[in-house]
2 protein chains.
Amino acid sequence: MKAIIHIGLKPGVLDPQGRAISRSLNDLGFDEVVNARQGKVIEIDIKGKDTDLAYKRVTDMCEKLLANTVIESYLVEIKK
Amino acid sequence: MKAIIHIGLKPGVLDPQGRAISRSLNDLGFDEVVNARQGKVIEIDIKGKDTDLAYKRVTDMCEKLLANTVIESYLVEIKK
């Protein structure tokens, strides 16, 4: 099984990396860029066949290690 | 318009960050984790209404700034 975890900054949290990207793009002549945000995606290969259990375990992984829940939100997707 | 860019390491490129994640998860007791890979997602807000042009411009942004095409591959998605 495969778990795909999307992690991004919560709304309202300052995103210096996103600002740096949009500024750099503007400087390069891409004037149509208004705003940019950067997030991360973690893909995990998991043993086992129980989708519900996998979902619970991966959520637990996010809470314990993968996401900084003070400033980040995450979305877990399980694929067979 | 919104452009979503998925950037990940090309197959065969060593992924130390992914290894660190899978090891740390194993150390925390998540023994079902076999492998992990980390990629990034950049969301860009764009002025204008021409989807084809936006796709071309965003591809250009990837080649010039956003992706390191020696080791990374990217996928561009345009949403109205």
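What this report covers is the structure whose coordinates are included nearby. (Residues numbered from 1 in each chain as written. Chains lettered and ligands numbered in written order. Predicted model: local features only at pLDDT ≥ 70, side-chain atom pairs only at ≥ 80, totals over all residues. Heavy atoms only, no water.)

### Things to note about the pairing of strand β2 (residues 33–46) of chain A
Pairing analysis gives six bridges linking strand β1 (residues 2–9) of chain A to β2(A), with the strands arranged antiparallel. Opposite A:K2, over in β2(A), you have A:D45 as the bridge partner. By the bridge criterion, 13 bridges tie β2(A) to strand β2 (residues 33–46) of chain B in an arrangement that is antiparallel. Opposite A:A36, over in β2(B), you have B:I44 as the bridge partner. (Pairing = 2+ DSSP bridges. Helix = DSSP H or I, 4+ residues; strand = E, 2+ residues; numbered from the N terminus.)

### Let's talk about helix α2 (residues 51–66) of chain B
Residues and elements named next belong to chain B. For α2, which comprises 16 residues, the first-to-last C-alpha distance of 19 Å sits more than 12% below the rise-based estimate of 22 Å (1.5 Å per residue). For α2, the set of buried residues is A54, V58, M61, C62 and L66. Down the axis of α2, the smallest arc covering the buried residues is 100°, so these residues share one side. The exposed set on the far side of α2, more than 90 degrees from its buried face, consists of D52, K56 and K64. (Expected span 1.5 Å × (residues − 1). Buried < 20%, exposed > 50% of the residue type's maximum accessible area, 1.4 Å probe, protein only. Arc of directions from axis to C-beta.)

### Regarding the pattern of salt bridges
According to the stated counting rule, one finds twelve salt bridges over all chains in the structure shown. In this structure, the salt-bridge partner of B:R57 is A:E32, at a minimum N-O distance of 2.6 Å. Taken together, the residues B:R57 in helix α2 and A:E32 in the loop between α1 (16–27) and β2 connect one chain to another. Accessibility expressed as a relative area gives 29% for B:R57, which makes it partly exposed. Under the relative-accessibility criterion, A:E32 is labelled buried at 14%. Ionic pairing is found between B:E43 and B:K2, a salt bridge with its closest N-O pair at 3.4 Å. On the criterion of sequence distance, the pair formed by B:E43 in strand β2 and B:K2 in strand β1 (residues 2–9) is long-range, its members being 41 residues apart. (Salt bridge = Lys/Arg side-chain N within 4 Å of Asp/Glu carboxyl O.)

### Notes on the relation of the copies chain B and chain A
Two chain copies here: they are related by a rotation about an axis and a translation along the same axis. Once chain B has been moved 0.0 Å along the axis and rotated by 180°, it coincides with chain A to within an RMSD of 0.0 Å. Such a turn and shift between the copies fits a two-fold axis. No C-alpha of chain B approaches the rotation axis more nearly than that of B:K40, which lies at 2.1 Å. Counting the interface residues of chain B, we find that 100% of their copies in chain A are interface residues as well, pointing to one common contact surface. (Least-squares fit on C-alpha atoms with pLDDT ≥ 70 in both. Contact = heavy atoms within 4.5 Å.)

### A look at a nonpolar patch on the surface
Residues and elements named next belong to chain A. A cluster of nonpolar residues, L9, V70 and I71, forms a patch on the protein surface that exposes about 240 Å² of accessible area. If you trace the backbone, V70 turns up in the loop between α2 (51–66) and β3 (72–79). The exposed category is assigned to V70, whose relative accessible area is 67%. (Patch = residues over 30% accessible without salt bridge, like charges linked within 9 Å, V, L, I, M, F, W, Y side chains within 5 Å. Areas by Shrake-Rupley, 256 points an atom, 1.4 Å probe, with all protein chains shown as cover.)

### Focus on the interface of chain B and chain A
Opposite the 30 residues of chain B that make contact, chain A presents 30 residues. Across the chain B/chain A interface, buried area totals approximately 2,800 Å², and carbon plus sulfur atoms make up 61% of it. It is B:F30, B:E32 and B:R37 that lose the most area in chain B upon contact with chain A, and together they represent 21% of the buried surface on that side. Where chain B packs against chain A, one counts six salt bridges. For the salt bridge of B:R37 with A:E43, the shortest nitrogen-to-oxygen distance reads 3.1 Å. Taken together, the connections running from chain B to chain A amount to 14 residue pairs in polar contact (both at pLDDT 80 or more). Going through the elements one at a time, α1 (16–27), β2 and α2 of chain B are the ones with two or more residues in the side of chain B that touches chain A. Considering every element that reaches the side of chain B that touches chain A, the biggest residue donor is β2(B), with 14 residues. A class-by-class count of the residues in the side of chain B that touches chain A yields 14 nonpolar, five polar and eleven charged. (Buried area = accessible area lost by both parts, 1.4 Å probe. Polar contact = N/O pair within 3.5 Å; in protein donor to acceptor, adjacent residues only side chain to side chain. Nonpolar A, V, L, I, M, F, W, Y, C, P; charged D, E, K, R; others polar.)

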